[in-house]
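In case you want the letters, here they are:
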Amino acid sequence: MPFEFQPGHARAPDLGLKAPIAYPKPLRYGDKGWQTIQFYPARAGAPAPLVVAFSNAMDEWARYRFNEGGIALAVVPDRETVPAASKTIDNYLAAMSYLYGDAEGLGIDRTRMMLYGTGNGGSMAVLLGADPALLARAGVPFDAVRGVISIGGEDFDVVRRMKESSFLRSRYQRYYGRDEVATATLSAASHLELPNAPGFLLLADARDRAGLEESRSITEALVNAGSTAVFVTLPEPRDEVRRTHFLAEPGGSGWEIVAFVQAAFAKAP
C-alpha cells in the first residue's frame with residue numbers, strides 16, 4: 001500500500017454500516033396494486049411476535065434487528081395518489097385485519113403485536129395505540145398491541161399545529177380536511193384517556209426540531225394521562241462513528257427500541 005491505512009480515510013460502508021440483505025415475502029391485502037405488505041418472517045419455529053411498520057420504506061438495520069431477535073416484521077405502505085388521513089387509516093386497518101386474520105398461516109402470534117412508524121406513520125401508530133375504536137374496526141383486539149414506537153412523528157395534535165402558521169394550516173387541511181372536529185378525532189392528543197397501549201416509545205433525531213418538540217410534547221401528555229411513555233433523542237449520525245448510526249451497533253443509536261420491544265413481548269398479556 002502506498003500510504004498507511006487510517007480509519008478516518010475509510011468510506012462509511014467500510015465501517016459496516018450496511019445491514020445484511022433480506023428479501024421480503026409480498027402479501028397482497030387489497031385490490032390496489034400498491035397494497036402489498038413486505039413481510040419478513042422470523043426464523044424461529046414457534047409463532048413469532050409481530051412488528052407492524054407504517055411506512056413506505058423501512059430502515060434496513062431496524063428490519064435486521066427485529067428478525068435477529070426472533071420477531072416478524074410487516075411493512076405496510078401508503079401510496080394513495082390523493083393522500084388523505086382517513087384513507088391512510090383505512091389502509092393501515094385493512095393491513096392489520098389481514099395480518100391478524102392470517103396469523104396462523106404467517107407463523108405469527110396474534111396476541112403480541114407492536115405498532116411502529118416513522119414520520120406521519122409514527123403519528124398514526126400512536127393514534128392507533130391510543131384509540132381502541134380504530135383497531136376494533138379492523139377486528140383486532142386492543143390488548144393484542146403490546147406497545148407503540150414512533151420515530152420523528154409530529155402530527156399528534158393537528159388542530160393546535162394548524163394554528164401555528166399558514167403553511168401548516170394549508171398542509172394539514174389538504175391531508176386532514178377543513179372540519180376541525182373531524183380532524184381532532186384523527187389526532188392522538190384527542191385520545192389520551194385510558195385505556196391506551198401498555199407502553200409508548202417516541203424518538204426523534206437531534207436535528208429534527210419539529211419532531212423533537214412534538215414527540216416530547218405528546219410523551220408528556222401521555223404520561224400526564226396515566227400512560228407509560230418514554231422520549232429519546234437520537235444522536236446526529238457521523239460517518240466515522242458507527243454507534244451514531246441508527247441501530248447499526250448494539251448499545252448505539254436507537255438501541256432503546258430493541259430493549260423496549262423485547263420487554264414488551266416478554267410480558268404476559
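Above this text is the structure in question.
None of these values were measured; they are calculated from a predicted model.

What counts as what
- Residues numbered from 1 in each chain as written.
- Predicted model: local features only at pLDDT ≥ 70, side-chain atom pairs only at ≥ 80, totals over all residues.
- Heavy atoms only, no water.
- Helix = DSSP H or I, 4+ residues; strand = E, 2+ residues; numbered from the N terminus.
- Rg over C-alpha atoms; globule rule 2.2 N^0.38 Å.
- Buried < 20%, exposed > 50% of the residue type's maximum accessible area, 1.4 Å probe, protein only.
- Areas by Shrake-Rupley, 256 points an atom, 1.4 Å probe, with all protein chains shown as cover.
- Lys, Arg positive; Asp, Glu negative; His and termini not counted.
- Charge placed at Lys NZ, Arg CZ, Asp CG, Glu CD.
- Contact = heavy atoms within 4.5 Å.
- Expected span 1.5 Å × (residues − 1).
- Pairing = 2+ DSSP bridges.
- Axes fitted to C-alpha atoms, helices over the stretch in contact; angles between N-to-C directions.
- Right-handed = clockwise from strand over helix to strand, strands pointing away.
- Arc of directions from axis to C-beta.

A. Looking closely at the overall build of the protein. When you go through the protein residue by residue, the secondary structure sums to 10 helices and eight strands. The C-alpha radius of gyration of the protein comes to 19 Å, within 12% of the 18 Å expected for a compact globule of 269 residues. Here the protein, with 269 residues, has 51% of them falling under the buried criterion. Element-wise, carbon and sulfur atoms account for 54% of the exposed surface of the protein, whose accessible area totals about 13000 Å². Separation between the mean location of the 28 positive side-chain charges and that of the 31 negative ones in the protein comes to 3 Å.

B. Looking closely at the environment of Thr233. Within the secondary structure layout, Thr233 lies in strand β8 (residues 229–234). Beyond its immediate sequence surroundings of up to four residues, Thr233 is in contact with Ala204, Ala206, Leu212 and Arg216.

C. Quick look at helix α9 (residues 209–224). Between the first and last C-alpha of α9 there are 23 Å, a value that for 16 residues agrees with the 22 Å anticipated at 1.5 Å per step. Check the buried side of α9 and you find it contacts α6 (158–162), β7 (200–205) and β8. Directly beyond the C-terminal end of α9, a positive phi value near 105 degrees is found at Gly226.

D. Quick look at the sheet that holds strand β2 (residues 36–40). Ordered in space as β1-β2-β4-β3-β5-β6-β7-β8, the eight strands form an open sheet in which the pairing is mixed. What marks the edges here is a single partner per strand, and that holds for β1 (25–28) and β8. In this sheet, neighbouring strand axes are inclined to one another by 20 degrees on average, regardless of whether the strands run parallel or antiparallel. With four bridges connecting them, strand β6 (residues 145–151) and β7 associate as parallel partners. When the bridges of β7 are listed, Ile149 appears paired with Leu201. Set on the sheet, helix α2 (residues 85–101) makes contact with β1, β2, β3 (48–54), β4 (72–76) and β5 (108–118); between it and β5 the angle comes to about 155 degrees. Together, β3, β5, β6 and β7 form the strand contacts of helix α4 (residues 120–130), whose direction differs from that of β5 by roughly 135 degrees.

E. The pairing of β7, seen in detail. Counting buried positions along β7 gives six out of six residues, so the element sits mostly inside the fold. By the alternation rule, side chains of β7 split into Phe200, Leu202 and Ala204 and Leu201, Leu203 and Asp205, which are all buried. In the sheet, β7 pairs with β8 via six bridges, with the strands oriented parallel. Looking at β8, one finds that Ala204 is bridged to Thr233. Traced from β7 through α9 to β8, the parallel crossover comes out right-handed.

F. Region of the structure containing unusual backbone geometry. A cis amide bond links Leu194 with the next residue in sequence, Pro195, at an omega value of 5 degrees. Residue position: Pro195 is located in the loop between α8 (180–185) and β7. For Leu247, which is not glycine, the phi torsion reads 60 degrees and is therefore positive.

G. Broad picture of the side chain of Ser150. You can see Ser150 is positioned in strand β6. With relative accessibility at 0%, the residue Ser150 sits in the buried group. If sequence neighbours within four positions are ignored, Ser150 has contacts with Gly117, Gly122, Ser123, Val126, Phe156, Leu201, Leu202 and Leu203.

H. Inspection of helix α7 (residues 166–176) at higher detail. Listed as buried for α7 are Leu168, Tyr172, Tyr175 and Tyr176. Projected down its long axis, α7 shows its buried positions confined to an angular sector of 80 degrees, all on one face. Facing away from the buried surface of α7 by more than 90 degrees, the exposed residues are Phe167 and Arg174. For α7, the secondary structure elements touched by its buried residues are α2, α4, α6 and α8. Following α7 by one or two positions, Gly177 has its phi on the positive side, about 100 degrees.

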